[in-house]
Amino acid sequence: MKDYRSGMPSTPPFQPDEQHAGHENRTLWGDAWNRLRKNRLAVIALMWLVIVTAAAISADFWVPQVFGSPTVFSTSGAAELRLKPPTLAHPMGTDDVGRDLFARVIYGSRISLTVGVLAVVVSLVIGLILGSLSAFYGGILDAFIMRIADIFLAFPYILFAILLLSVLPDNLRGITPVFLTIGILGWPSIARVFRSSVLSVKENDYVEAGRALGASDIRLMLRHILPNAVAPIIVYGTMSVGGAILTEAALSFLGLGLPPGSPSWGGMIQDGRIYLTSSPGVVLWPGLAILSTVLAFTLLGDGIRDALDVKMKD
Amino acid sequence: MSDLLRVESLTKHFAVQQTALGSRLGGHVMAVDDVSFTVKEGETLGLVGESGCGKSTTGRCIIRLTEPTSGSIFYEDRNIRELRGKDLKAFRRQAQFIFQDPYASLNPRMTIGEIVSEPLVIHQEGTRFEQQARAKELLDVVGLNPEHINRYPHEFSGGQRQRIGIARALALNPKLLICDEPVSALDVSIQAQVLNLLGELQHDFGLTYVFIAHDLSVVQHISDRIAVMYLGKLVEISDWKALYAKPHHPYTQSLLSAVPLPDPKQQRARERIILEGDPPSPIDPPSGCRFHTRCPIAKDICSAEEPKLREVAPGHSAACHFAALNPVPIGIARPAEFTPIVG
């Protein structure tokens, strides 16, 4: 080893730097979580979403027992129960047929969260697959997928959803067609964001290094490109949940979402619209629920974007 | 020693513009044009030239990261351009690549243990435990602490990252390493360490290197032979001593005159050949000899006829009409016995 081209000193023993001692195994995701925890607005948003989700999941165990069923209303003595202002028994009052508004808002969160999250999942599945194929293979496939995305984006979003949902027979109405419709209409934006992100990541030498090692396309995609390209999608996806909730509310308000009588926030606003001046609570509470939840998703998405931005490293 | 690698008439053209539907507009960049050379087993071939001369493209073609437009590349007498599937994967075990930028060549979301053992995972070598042990061994070989196996690349400096890249390239015991400017992104003091490491590894494992650099003072340390490229063409190739002592091509002469000499007296006495202008565009290269637009000794024949690469001395070829007449350049004083500057 020493006689290799005389005059060259051998490599000095390498001194490891200890500046990271105590931060053993710090991952980039771990760093991002630490930054997110310092963002007060994002933490409040996250806590609000946790509360709403917990209420939605546990609703069956306490809401009907304490406040009454959100859907069934009694015909006897209904008149006294109609459109009551908030009391201890009914913290948000009652609606026009005497159902407890608080119970309906809680059950409405089930519908809104389910539709919001599942719609984004549908968009993500389609958008991530098509976006990555488009960016990874390029050429004609890329052109083809992106032109289809353009066609989708050229349609007015709500009109397209109305068209799809209005041809649906009445007996099929429910949560599934609503989130499928919203999800299918949402994929082009996800595909575009992910495509541009993959395009920039795949130029990196570590992808080439993987290729030079003989890695398959699937391995390159899943191991090298996806983990580095997914950050913008996490941000976009989080914010899209809020958008999907809004769309569901709009569709329900237009009477195209869920069957009449189901406790959907948009549907509740539609039902209570005519009592707006006499009992504003009927519209106000579900409206506040939509506002706070959508705002929470947007703020959380904003916080995640800042947390994932390495340039803002503390 | 036999030839491990033989490159014959390698040519790579890049289309300048591509429309969405795949049709091509505009011209082609002649990145590499009719380049031929051989690399013997166990030796180091230095590939030198300024930015954009096609040296990296040549290296990438050799390990099939870029598909050549035409020409053949023989590795152990098999044309690697014809390799598919299993054979290509087997070739990948033999030839590896070291990248220029140590900040871009390591996946930031993988630990260095995962990075170094990835070749073993891809080629299904050994159990997880054995892969882990091999990764530690490799880190030790390149002078890193094997205990750092669970750290992430961002916790390391440029020189350390380059060592990780070298460890990854060594994982499958390759015979041939293409080093694409492996030290040009590093500090000078770190450059020497990494060059010495590469030298030791070559000695210990009998590696063959194709060492790409834009800096003759870096390649002189490690190369047995040196090939000089200009605008996609090979202009001179020779044993390193002969090239430094008697460069025949005026381009090589100008490159050598830019290498600082350690002795200030010699440095002052030397006449620098300063080339005028920028290299011409490789989209529309000059007629005849591609160097004639900047050549200090160009004559009429140079713009009319392209000089062929021909032997001017045993094992020393140059592509210049006046190569034989122009053996000792003016003002390039090379010490007969060269001593390294760095280290």
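Residues numbered from 1 in each chain as written. Chains lettered and ligands numbered in written order. Predicted model: local features only at pLDDT ≥ 70, side-chain atom pairs only at ≥ 80, totals over all residues. Heavy atoms only, no water.

Visitor: Help me understand the overall build of chain A in this model?
Guide: Within chain A one finds 12 helices and zero strands. Moving toward the C terminus, one meets the helices and strands of chain A in the order α-α-α-α-α-α-α-α-α-α-α-α. Per-residue burial for chain A yields a buried fraction of 45% across its 314 residues. Put simply, of all contacts in chain A between residues at least 6 apart along the chain, 73% involve residues at least 24 apart. When the accessible surface of chain A is split by element, carbon and sulfur atoms take 69% of a total near 15,700 Å². (Helix = DSSP H or I, 4+ residues; strand = E, 2+ residues; numbered from the N terminus. Buried < 20%, exposed > 50% of the residue type's maximum accessible area, 1.4 Å probe, protein only. Contact = heavy atoms within 4.5 Å. Areas by Shrake-Rupley, 256 points an atom, 1.4 Å probe, with all protein chains shown as cover.)

Visitor: I would appreciate a short explanation of the sheet that holds strand S10 (residues 233–239) of chain B in the present structure.
Guide: Each strand in a sheet pairs with its neighbour through backbone hydrogen bonds, running either in the same direction (parallel) or in the opposite one (antiparallel). Residues and elements named next belong to chain B. The strand order across the open sheet formed by eight strands is S6-S7-S8-S3-S9-S10-S12-S11, and the pairing between neighbours is mixed. A strand with exactly one partner marks an edge of an open sheet, and here the two such strands are strand S6 (95–98) and strand S11 (310–313). On average, each strand axis in the sheet is inclined to that of its neighbour by 20°, with strand direction left out of account. With three bridges connecting them, S11 and strand S12 (residues 316–318) associate as antiparallel partners. In the sheet register, alanine 313 faces S12, and the bridge partner there is histidine 316. The sheet strands contacting helix H2 (residues 85–94) are S6 and strand S7 (176–180), and the helix crosses S6 at an angle near 55°. (Pairing = 2+ DSSP bridges. Axes fitted to C-alpha atoms, helices over the stretch in contact; angles between N-to-C directions.)

Visitor: Even after reading the chapter, I still don't get helix H5 (residues 139–154) of chain A, so can you show me in this structure?
Guide: All names here are of chain A. Compared with the 22 Å implied by 1.5 Å per residue over 16 residues, the 23 Å span of H5 between its first and last C-alpha is a close match. Among the residues making up H5, those that are buried are Asp142, Ala143, Ile145, Met146 and Ala149. Tucked inside the fold, the buried residues of H5 contact helix H4 (101–137) and helix H7 (175–201). (Expected span 1.5 Å × (residues − 1).)

Visitor: It is not clear to me how the confidence of the model for chain A should be interpreted in this structure. Could you clarify?
Guide: For any part of a model where pLDDT is low, the fine detail of the predicted coordinates should not be relied upon. Per-residue pLDDT for chain A has a mean of 83; in total, 87% of the residues score no lower than 70. Element-level mean pLDDT values for chain A span from 63 in helix H3 (residues 78–81) of chain A up to 93 in H5(A). (pLDDT = per-residue confidence, 0-100.)

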